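So you can see what is in the structure, the chains are spelled out below.
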Amino acid sequence: MSFDFDLFVIGAGSGGVRAARFAAGFGAKVGIAESRYLGGTCVNVGCVPKKLLVYGAHFHEDFEQSAGFGWTYEDVKFDWPTLISNKNREIHRLNGIYRNLLVNSGVTLLEGHAQLRGAHAVEVDGQRFTAKHILIATGGWPQLPDIPGKEHAITSNEAFFLDQLPRRVLVVGGGYISVEFASIFHGLGAETTLLYRRELFLRGFDRSVREHLRGELSRKGVNLQFNADIARIDKQADGTLSATLRDGRALEADCVFYATGRRPMLDNLGLESVSVELDERGFIKVDETYRTSEQSIHAIGDVIGRVQLTPVALAEGMALARHLFRPDEYRPVDYRLIPTAVFSLPNIGTVGLSEDEARSAGHRVKIFESRFRPMKLTLTESQERTLMKLVVDADSDKVLGCHMVGPDAGEILQGIAVALKAGATKQVFDETIGIHPTAAEEFVTLRTPVGA
Ligand code: NDP
């Protein structure tokens, strides 16, 4: 049977574009459909614009701290519409780059909504195509709890396009997006309250990291409310939002921002025409080669709900393209030791096991920690402190986890992740010469365990 395409990809986000380009590079005839924006969540309403806003928020502290170095300014002002329009211009440029990358690699780009019409068929805005393989890479979408007044709340999708910076913001959730946006809103000048339903945010991260960030955010003036959750939101006549908490308290705000996780984007996808099974959380179920329960259909990225990170989707896209079209070169994605950063202010960088995870996995651990005031702040009023922590297996000396809260934590942890992937022991860290004076050198000068 002959098909219009060897591979048809639904969704031109990080994973879909990577799979499409690699497959085309391997000589496959590839089509890709995108109904919203090229580059997906990461480029349009995720990693990239978020990082730009984080940079914007950081200037607040930079201006304040520069006084210690002799700088004075008059009339420092921040203009949200300027930041947003410059950000939009940059995203538009990146959309163009994505278009060129696809077209130049020979992929047929269809800008429209794709629906499955069987195991080998897809329809894009009324046009039908057949394909030997279909890849679902439709990503995720913010999800909000079903509370009265949820229509008054926004998510990250809308926050990137607000006309004005709200004066008072309630941020709900205790994951990546909530701490990042709490830092952004606060840094840019909004009165910011973060509400999280349990005792301490960033569940799953190392406890020292979570506690350290709690201290730093509170010191900066973010109002942290733990064991707090919103039961309903009402809009008053003047537009003010009133959030009633489950414990009966009421908080007023101009914006209620929810970051309570993301669901798979399967809306209107035509899944009823195929036998693609979902897991108990509603994500697409795949085997180790990303094959769904429908033999000809694969899925990667956020829609499979494994690890919702862009670099993971990229790795999955490459692995799948090789698996389908260059099987000799196929190497499965290694999901161990995935480094990650949270771009809160200060940043978190982490790779490997938290102390609790290491202990629960049966390791006898040695913990090395350093807490210090970064050199850059010594001439300033800022009391911000950096945390660095190594979790080491006491028997093998292998470094199991590495965690940091402080400036450039993401940048620093990328290199450390290579060391951990290579199986570095604490002795290897100790024998590595530091780069002086940096914060990162602390990781190779931690001598005395703080706990065992
Ligand atoms: P997360 O899954 O990280 O966090 C969701 C948070 O919302 C948790 O604290 C959770 O609480 C809470 N929550 C869930 N449901 C409810 C509810 N019904 N009521 C109140 N609170 C609730 O989701 P995010 O939305 O922050 O981010 C989605 C994913 O995107 C992340 O997991 C991450 O993989 C990715 N991401 C990565 C970034 C990066 O690499 N820097 C940046 C942004 C996103 P509980 O702990 O109790 O479950």
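Our structure's up above, just so we're on the same page.
Residues numbered from 1 in each chain as written. Predicted model: local features only at pLDDT ≥ 70, side-chain atom pairs only at ≥ 80, totals over all residues. Heavy atoms only, no water.

Asker: Go over the pairing of strand β1 (residues 5-10), please, and point to the residues and values.
Answerer: Counting buried residues along β1, 5 of its 6 residues qualify, which places the element largely inside the surrounding structure. Strand direction decides the pairing type here: β1 and strand β6 (residues 127-136), joined by 5 bridges, are parallel. When the bridges of β6 are listed, I10 appears paired with I136. Pairing between β1 and strand β2 (residues 30-33): 4 bridges, direction parallel. Residue pairing for β2: F8 is matched across the bridge by G31. Of the crossover connections in this fold, the one passing from β1 over helix α1 (residues 14-25) to the parallel β2 is right-handed. (Buried < 20%, exposed > 50% of the residue type's maximum accessible area, 1.4 Å probe, protein only. Helix = DSSP H or I, 4+ residues; strand = E, 2+ residues; numbered from the N terminus. Pairing = 2+ DSSP bridges. Right-handed = clockwise from strand over helix to strand, strands pointing away.)

Asker: I'd like a rundown of the sheet that holds strand β13 (residues 250-253), residues and numbers included.
Answerer: Ordered in space as β11-β12-β13, the 3 strands form an open sheet in which the pairing is antiparallel. In this open sheet, the two strands that pair with only one neighbour each are β11 (230-235) and β13. Strand-to-strand twist across the sheet, computed as the mean angle between neighbouring axes with direction ignored, equals 25 degrees. Pairing between strand β12 (residues 241-245) and β13: 4 bridges, direction antiparallel. Within the sheet, the bridge partner assigned to S242 lies in β13 and is E252. (Axes fitted to C-alpha atoms, helices over the stretch in contact; angles between N-to-C directions.)

Asker: Report on the side chain of K87, specifying residues and quantitative values.
Answerer: Structurally, K87 can be placed in helix α4 (residues 80-104). If we ignore the near neighbours within four places in the chain, the residues touching K87 are P49, L52, F160 and F161. (Contact = heavy atoms within 4.5 Å.)

Asker: Residue-level account of the packing of aromatic side chains, with values.
Answerer: On inspection of all chains with the given rule, the structure shows 13 aromatic pairs. Centre to centre, the rings of F201 and F226 are 5.0 Å apart; their planes meet at 70 degrees, and the pair counts as edge-to-face. With F201 in the loop between β9 (191-196) and α7 (207-220) and F226 in strand β10 (residues 223-226), this residue pair connects regions lying 25 residues apart in the sequence. What makes F201 buried here is its relative accessible area of 0%. (Phe/Tyr/Trp six-rings, centres within 6.5 Å; stacked < 30°, edge-to-face > 60°.)

Asker: Explain the nonpolar core to me, using residue names and the numbers behind them.
Answerer: Formed by 54 residues in total, the largest nonpolar core has its most connected members in F8, V30, I32, L116, I136 and I284. The residues contacting I284, other than those within four sequence positions of it, are I136, L266, V276, E277, L278, T292, A299, V303 and I304. Counting residues in each nonpolar core, the second largest holds 44 residues, with A182, I184, F185 and F226 among its members. (Core = buried A, V, L, I, M, F, W, Y, C linked by side-chain atoms within 4.5 Å.)

Asker: Account for the site of the ligand, naming residues and giving values.
Answerer: Taken together, 21 residues lie around the ligand, and Y196, R198, R203, Q308 and A341 are the ones closest in. E180 is positioned such that a nitrogen or oxygen atom in its side chain is 3.0 Å from a nitrogen atom of the ligand. Notes on the ligand: free accessible area 900 Å², of which the protein chains cover 79%. Its residues assigned to classes, the shell around the ligand comprises 8 nonpolar, 6 polar and 7 charged. (Near = heavy atom within 4 Å. Polar contact = N/O pair within 3.5 Å; in protein donor to acceptor, adjacent residues only side chain to side chain. Areas by Shrake-Rupley, 256 points an atom, 1.4 Å probe, with all protein chains shown as cover. Nonpolar A, V, L, I, M, F, W, Y, C, P; charged D, E, K, R; others polar.)

Asker: Could you give me a rundown of the pattern of salt bridges, with the residues and numbers involved?
Answerer: Across all of its chains, the model carries 32 salt bridges by this definition. Its salt-bridge partner being D430, residue K426 comes within 2.6 Å of it at the nearest N-O pair. Here K426 pairs with D430, and both are found in helix α11 (residues 426-431), just 4 residues apart, close to one helical turn. Of the residues examined, D430 reaches a relative accessible area of 29% and is grouped as partly exposed. Beyond isolated ion pairs, a larger network of salt bridges with shared partners links D206, E355, R359, E369, R371 and K389. (Salt bridge = Lys/Arg side-chain N within 4 Å of Asp/Glu carboxyl O.)

So yeah, pure geometry; function would need other evidence.
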